[in-house]
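# Results of the structural survey
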Amino acid sequence: MGKVASSMSMSLDGYVTGPHDSREQPLGEGGEVLHRWLGPAGTEADRAVLQEMLDGAGAVLMGRRSYDFCVGDGGWGDGGPVGDTPCFVLTHHAPDPAGVPEVFTFVTDGVESAIAQAKAAAGDRVVGVHGATAAQQALAAGLLDEIQVHLVPVLLGGGVRLFDLLGADPVDLVRDRVIEAGSGVTHLRFHVSRP
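Residues numbered from 1 in each chain as written. Predicted model: local features only at pLDDT ≥ 70, side-chain atom pairs only at ≥ 80, totals over all residues. Heavy atoms only, no water.

In this structure, Leu61, Val127, Val129, Leu144 and Leu162 are the most contacted members of the largest nonpolar core, which totals 26 residues. Elements with a minimum of two residues in this core: β1 (4–11), β2 (57–63), β3 (87–90), α3 (111–122), β5 (126–130), α4 (132–140) and β6 (146–152). Apart from the residues within four sequence positions on either side, Val129 is in contact with Val4, Ala5, Ser6, Ser7, Met8, Leu61, Ala134, Ala135 and Leu144. Core analysis: the next-biggest nonpolar cluster, separate from the first, contains 10 residues, Val60, Tyr67, Cys87 and Val100 among them. (Core = buried A, V, L, I, M, F, W, Y, C linked by side-chain atoms within 4.5 Å. Buried < 20%, exposed > 50% of the residue type's maximum accessible area, 1.4 Å probe, protein only. Helix = DSSP H or I, 4+ residues; strand = E, 2+ residues; numbered from the N terminus. Contact = heavy atoms within 4.5 Å.)

A few words now on the pattern of salt bridges. Following the criterion strictly, the structure yields 6 salt bridges and no others. We note a salt bridge from Asp21 to Arg65, for which the minimum N-O separation is 2.6 Å. Residue Asp21 is found in the loop between β1 and α1 (44–56), and its partner Arg65 is found in helix α2 (residues 64–70); the two are separated by 44 residues along the sequence. Given a relative accessible area of 16%, Asp21 falls into the buried group. For Arg65, a relative accessible area of 46% corresponds to the partly exposed category. (Salt bridge = Lys/Arg side-chain N within 4 Å of Asp/Glu carboxyl O.)

The strand order across the open sheet formed by 8 strands is β4-β3-β2-β5-β1-β6-β8-β7, and the pairing between neighbours is mixed. The sheet terminates laterally at β4 (104–107) and β7 (173–180), the two strands that pair on one side only. Direction aside, the axes of adjacent strands within the sheet are offset by 25° on average. (Pairing = 2+ DSSP bridges. Axes fitted to C-alpha atoms, helices over the stretch in contact; angles between N-to-C directions.)

Moving on: α1. Think of an α-helix as 3.6 residues a turn; residues three or four steps apart then line up on the same face. Here α1 contains 13 residues, and its C-alpha end-to-end distance of 18 Å stays within 8% of the 18 Å for a straight helix at 1.5 Å per residue. Within the span of α1, buried status applies to Asp46, Val49 and Gly56. Buried residues in α1, looked at end-on, bunch into an arc of 110°, giving them a common side. In this structure, the buried residues of α1 make contact with β2, β5, β6, β7 and β8 (186–192). (Expected span 1.5 Å × (residues − 1). Arc of directions from axis to C-beta.)

A few words on the pairing of β7. Both β7 and β8 contribute to a ladder of 7 bridges, which runs antiparallel. Within β8, the residue paired with Val178 across the bridge is Leu188. Where β7 folds back onto β8 in an antiparallel hairpin, the turn is made up of 5 residues, including Gly182, whose phi is positive at roughly 90°.

Take α3 next. With 12 residues, α3 should cover 16 Å at 1.5 Å per step; its first-to-last C-alpha distance of 16 Å lies within 8% of that length. Buried within α3 are the following residues: Val111, Ser113, Ala114, Ile115, Ala118 and Ala122. As for α3, its buried residues are in contact with β1, β2, β3, β4, β5 and α4.

A few words now on the packing of aromatic side chains. Evaluated as defined, the whole model comprises 2 aromatic pairs. Taking the centre distance of 4.9 Å and the plane angle of 80° together, the rings of Tyr67 and Phe104 count as edge-to-face. Of this pair, Tyr67 sits in helix α2 while Phe104 sits in strand β4; the two residues are 37 residues apart in sequence, bridging distant segments of the chain. The exposure classification of Tyr67 matches that of Phe104, with both residues buried. Considering the side-chain rings of Tyr67 and Phe106, the 5.0 Å spacing of their centres and the 90° angle between planes classify their relative orientation as edge-to-face. Of this pair, Tyr67 sits in helix α2 while Phe106 sits in strand β4, and the two are 39 residues apart along the sequence. Chaining the aromatic ring pairs together yields one cluster made of Tyr67, Phe104 and Phe106. (Phe/Tyr/Trp six-rings, centres within 6.5 Å; stacked < 30°, edge-to-face > 60°.)

Here it is in structure tokens:
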């Protein structure tokens, strides 16, 4: 089975969106700066990191908030964040299936079930965890293997924090890669250390 990996752009003060994120502004006010490296401002090193993630993706785990903010017109269109790659959405209540793109499966029985389903769909490829809450739940359940942080040199001062609700116990990480991309973004990769 493949690994479960979170990969998100983050400001130096720990935010993955700016303040007041919404359907109209999924990255919040000023949060678009976090994803500049994904576009024309990105360097060859940035593009290589992105391509590695796309090539490895076998399934996506996300929260309902990410789905609601980004599905359909003005967002991902008829696919998910990685096109036709299967997406498993953590939710308390599944929406009416009418109009829901086929790539999405709604999981109402917890993160363990969602990750098991995503791993079965991904096979030996990566289950990419999309969104702060989904990453925090996977980490708390002991099911997150890797954390990639694309550290953007900006202080947003508010928004959604990547590591806001971790609990009292420390989480040991082993850094295994640092890429200074030349765009100002530093790509960091850590493996979650388990006893």
